[in-house]
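# An overview of the molecular structure
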Amino acid sequence: MIIAMNRDLTKGNMLRNMISFSIPYVIAFFLQTFYGLADLYVVGRFNDPMTVDAVSIGSQAMHMVTVILIGLTMGITVSVSHAIGAGRSKDTSGIIGNAVVIFSITAAVITALSLLLRKPFLSLLQTPAEAYEGTLDYITVCFAGIPFITAFNVVSSIFRGMGNSRSPLYFVAVSGVLNVGLDLLFVGGMDMGARGAALATVIAQGVSVVISVIMLRKSLACMSEPVTIERTDLRPSSSIIGKILRIGAPIALQDGFIQVAFLIITVFANMRGYESSTAVGIVEKVISIAFLINSAVLSSISAIAAQNNGAGLHENSRKALRYGLIICIVYGILVNMFVQIFCPQIISLFAAGDETVHLLGESYLRSYITDCIFAGIHFCFSGYFTAYDKSWISFLHNSISAVCVRIPLSYIASIMYKNTLFPMGMAAPIGSLVSIVICVIAYLSIRSRQKKAERLS
């Protein structure tokens, strides 16, 4: 069964490949996002708004760490995809071995720095005094679990590079169910508050890692050319490490920069009081779910285009990009309509007992959700650029968007509009429009060079 799920993404209908690859990816990402949502929901049912604020702020910090790691592991996915697309599946052992070395060091460094700097980090965020202790408890436990997050995302990136997006879904499903059960036990039954929610998440992630490593070994052994990891594969290779970092580092920097921008925006909200802080934290969770389709399509384009790039089938890569754009635009319009209609009910799931938080959250969500339409477009281009070893373009457009648009507009809106968060939410879609313009210019430039190379050949 496992070997059947490893797919050759250079063959067949590209739209069918994208859909079959994306659906498990979306569900897996939803369940992974569900960790934070489950924490927020259960804590909201058994604790006061200050504890909810603690979990929302803490989970934002953890989300930043997670997306940076996912960005770095994209280098593994693309490297494995290139090897398989070019018919060099045995090279996978060297890629995996070097990935283990790189990310073992990365996990150790990030864990140590996170635990060391957690208090200055919370002070920098202007964490409300009422929520400070709970937030500190939450991030201390979660930061200690960073090695589990790292290991899971490394294994998942390998599977996706092999064209297998289903296995990570199964791992996260087990972890998600366990997380909810432990939330109810630690938070509801044992009254452990924010610390209990964090402990539930870390334990669930640890179980997921154990299962995923066992299944990866079996999957590699069942490939048409069985792959085994030897000690020699753990020897650092400058070419392999260079490629992984060349692809993954710009994405990690880009995602990290975006999260820093979000955290700066959170600071603006925190400065207005815990009501605004809680509202922003809730909406960020909702947005993270709404953007799952866009993230899945980005990764699908990266995996599909990378395999086709390795095989020299560039028209298939362009088809994947076109299909991805259509999917994201249609989805963005539909989800925007849904949220506008059911916005009060969505916010009530997390802020049923506080009218001020509810009103602020609703105003922020109504404007922010429009970004789902525009962000999907530059997500698709970012996936394509990554597959062609040009992830620096994604870093460029996201950095310009954040520094020149999102952060300054959010700050101005937070100062000028004291009774609503609607203008702050508009900074995101405006920033995405800037990204789209840069992406289109970059794509046309790349396509022009490709056409010239095709004529010369």
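Above this text is the structure in question.
Definitions and cut-offs
Each chain has its residues counted from 1, running along the sequence as written. Side-chain atom pairs in this predicted model are given and counted only at pLDDT of 80 or more, local residue features only at pLDDT of at least 70, and totals for whole chains, interfaces and linings cover all residues. Side-chain measures here rest on the full set of heavy atoms in the structure, leaving out hydrogens and waters. Comment: elements are numbered from the N terminus, with helices defined as DSSP H or I runs of at least four residues and strands as E runs of at least two. C-alpha atoms define the radius of gyration in this analysis, and the globule rule sets the expected value at 2.2 Å times the number of residues to the power 0.38. Accessibility here uses a 1.4 Å probe with only protein chains present; expressed as a share of the type maximum, an area under 20% marks a residue as buried, one over 50% as exposed, and anything in between as partly exposed. Contact criterion: two residues are considered in contact whenever any of their non-hydrogen atoms come within 4.5 Å of each other. Values of accessible area rely on a 1.4 Å probe in the Shrake-Rupley scheme; residue burial ignores everything except the protein chains shown. Charged residues are defined narrowly, with Lys and Arg counted positive, Asp and Glu counted negative, and His plus the chain ends left uncounted. One atom stands in for each charge, and that atom is NZ of Lys, CZ of Arg, CG of Asp or CD of Glu. Orientation is described by axes fitted as lines to C-alpha atoms, over the contacting stretch for helices, and by angles from 0 to 180 degrees between their N-to-C directions. We call two directions roughly parallel when the angle between them is under 35 degrees, roughly antiparallel when it is over 145, roughly perpendicular when it lies between 65 and 115, and oblique otherwise. If you view the pair so one helix is near and one far, a crossing is left-handed when the near helix is turned anticlockwise from the far one by less than a right angle, and right-handed when it is turned clockwise. For this scheme, ten residues count as nonpolar: Ala, Val, Leu, Ile, Met, Phe, Trp, Tyr, Cys and Pro. Four count as charged, namely Asp, Glu, Lys and Arg, and the remainder, Gly too, count as polar. Between 30 and 60 degrees the pair is tilted, below 30 it is stacked and above 60 it is edge-to-face, where a pair is any two Phe, Tyr or Trp rings, Trp via its six-membered ring, whose centres lie within 6.5 Å. Should a side-chain nitrogen of Lys or Arg be within 4 Å of a carboxyl oxygen of Asp or Glu, the pair is scored as a salt bridge. Excluding any residue in a salt bridge, patches collect residues exceeding 30% relative accessible area, merging like charges within 9 Å and nonpolar Val, Leu, Ile, Met, Phe, Trp and Tyr side chains within 5 Å.

Quick look at the overall build of the protein chain now. Secondary structure assignment for the protein chain yields 18 helices and zero strands. Taken against the 2.2 N^0.38 rule, which gives 23 Å for 457 residues, the C-alpha radius of gyration of the protein chain at 21 Å falls within 12% of a compact globule. Expressed along its principal axes, the backbone C-alpha trace of the protein chain runs to roughly 65 × 45 × 35 Å. By the burial criterion, 59% of the 457 residues in the protein chain qualify as buried. In the protein chain, of all internal contacts separated by at least 6 residues, the share reaching a separation of at least 24 is 83%. Carbon and sulfur atoms make up 69% of the accessible area of the protein chain, which totals about 18100 Å². Each charge class in the protein chain was averaged separately, 31 positive and 23 negative side chains, and the resulting centres sit 15 Å apart.

Right, let's get into the packing of helix α6 (residues 129-144) against helix α9 (residues 193-221). Packed helices, taken two at a time, are described by the angle between their axes plus the distance between the axes. Between α6 and α9, the shortest axis-to-axis distance is 8 Å and the interhelical angle comes to 15°. Judged by the angle between their axes, α6 and α9 are roughly parallel. Seen along the crossing, α6 lies across α9 with a hand that is right-handed. On the side of α6, the interface is formed by Gly 134, Asp 137, Tyr 138, Val 141 and Cys 142, while α9 contributes Ala 194, Arg 195, Ala 197, Ala 198, Leu 199 and Val 202. Broken down by class, the residue content of the contact of α6 with α9 amounts to eight nonpolar, one polar and two charged.

In this structure the tally under the stated criterion is 10 aromatic pairs. Aromatic pair Phe 338 and Phe 342: ring centres 4.9 Å apart, planes at 40°, arrangement tilted. Here Phe 338 and its partner Phe 342 are both found in helix α13 (residues 314-351), four residues apart, which amounts to about one turn of the helix. Overall, the relative accessible area of 46% leaves Phe 338 in the partly exposed class. By relative accessible area, Phe 342 is classed as partly exposed at 36%. Aromatic pair Tyr 384 and Phe 385: ring centres 6.4 Å apart, planes at 70°, arrangement edge-to-face. Classification of Tyr 384 as buried rests on a relative accessible area of 0%. By the ring-pair criterion, three or more aromatic residues cluster together here, those being Phe 381, Tyr 384, Phe 385, Tyr 388 and Tyr 443.

The residue Thr 278 is located in helix α11 (residues 274-290) in this model. Put simply, Thr 278 and Tyr 25 are 253 residues apart on the chain and 29 Å apart in space, counted from C-alpha to C-alpha.

Now for the pattern of salt bridges. Counting across every chain of the model gives five salt bridges. Across the salt bridge formed by Arg 406 and Asp 371, the nearest N and O atoms sit 3.6 Å from each other. Taken together, the residues span a long stretch of sequence, with Arg 406 in helix α16 (residues 391-416) and Asp 371 in helix α15 (residues 371-387) at a distance of 35 residues. One exposure class covers both Arg 406 and Asp 371, and it is buried. A network of salt bridges, in which partner residues are shared, links Glu 315, Arg 318 and Arg 322.

A cluster of nonpolar residues, Leu 409, Tyr 411, Ile 412, Ile 415, Met 416, Tyr 417 and Ile 430, forms a patch on the protein surface that exposes about 650 Å² of accessible area. Per-element tally for the nonpolar patch: the top contributor is α16, with five residues. Assignment of secondary structure puts Tyr 411 in helix α16.

Let's shift gears to the side chain of Thr 386. Within the secondary structure, Thr 386 sits in helix α15. You can call Thr 386 buried: its relative accessible area is 3%. Each residue touching Thr 386, except ones within four places of it in the same chain, is listed here: Met 74, Val 78, Ile 247, Ile 251, Ser 302 and Ser 391.

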